[in-house]
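For reference, the chains in residue letters:
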Amino acid sequence: FNTTLKKNINKKTSLMTCWILLSIDSLSAQKDSAIKKSIRAVIQKQEEAWNKHDIDAMSNFFTDDATLVNFLGMFWKSKAEIHENLRRINDDVFKHTSIKLSLKKLKMITSDVAVANVEEQFNVEEDYTDLGQQYKKGDKNYKLIMNVFIRKNNEWQITASQITLINQFASPHK
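Residues numbered from 1 in each chain as written. Predicted model: local features only at pLDDT ≥ 70, side-chain atom pairs only at ≥ 80, totals over all residues. Heavy atoms only, no water.

J.: How should I be thinking about unusual backbone geometry in this particular structure?
T.: Outside of glycine, negative phi angles account for most residues, and trans bonds account for most peptide bonds. Even without a glycine there, the phi angle at H53 is positive, about 60 degrees. Structurally, H53 is set in the loop between α1 (2-52) and α2 (55-59). Of note in this structure, N153 is not a glycine but carries a positive phi near 50 degrees. As for its position among the elements, N153 is in the loop between β7 (140-152) and β8 (155-165). You can call N153 exposed: its relative accessible area is 80%. (Helix = DSSP H or I, 4+ residues; strand = E, 2+ residues; numbered from the N terminus. Buried < 20%, exposed > 50% of the residue type's maximum accessible area, 1.4 Å probe, protein only.)

Rendered as structure tokens:
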């Protein structure tokens, strides 16, 4: 009798442990899905702000102490510096363009830190010249952006960003 009782208790304990682990895994997946949805929303708002050429909105996705390295290697070391450079470049270049952003991968580092790999399709909407190079309506280029997001006050912001131009000869866009 004692052995049968121990087996039944062990089975019940095992079943309960499995149920708890499955519940925890399910809750974790739901939480990850909610985080991914929140970060996707930030990326969508970034795209909308760019396409409206709203520099204030574009800058507000960054923390005050954020860093950004653009695809030319320019290193900006604060939200204020990011804002100023985006404004300056918008006046010459960005106002002639639109972008399409696509989240390619999201990796959670902690519950409040995530790394997002984002692809940017950069579209020339009207002819312009920049640094002696002529750009024609319809021209496109592609970039990969690595953003480090942190969550503060239940809001996701970018604390570091690195932008890399995709060389179409070495890695053609598909």
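J.: Help me understand the nonpolar core in this model?
T.: One recurring pattern in soluble globular proteins is that nonpolar side chains are buried together. Residues I39 and F149 are the most contacted members of the largest nonpolar core, which totals 33 residues. Secondary structure elements with two or more residues in this core: α1, α2, β1 (62-69), α3 (79-92), β3 (97-110), β4 (113-124), β7 and β8. Broken down by element, the residue count for this core peaks at six residues, all from α1. Discounting residues that sit within four places of it in the chain, F149 has contacts with I39, V42, I43, D112, V113, A114, A116, W156, Q157 and I158. (Core = buried A, V, L, I, M, F, W, Y, C linked by side-chain atoms within 4.5 Å. Contact = heavy atoms within 4.5 Å.)

J.: Explanation requested: the pairing of β3 in the structure shown.
T.: Where β3 lies against β4, 12 bridges are found, and the strand directions are antiparallel. By the bridge assignment, L101 is partnered in β4 with E120. Adjacent in sequence and paired antiparallel, β3 and β4 are bridged by two residues. (Pairing = 2+ DSSP bridges.)

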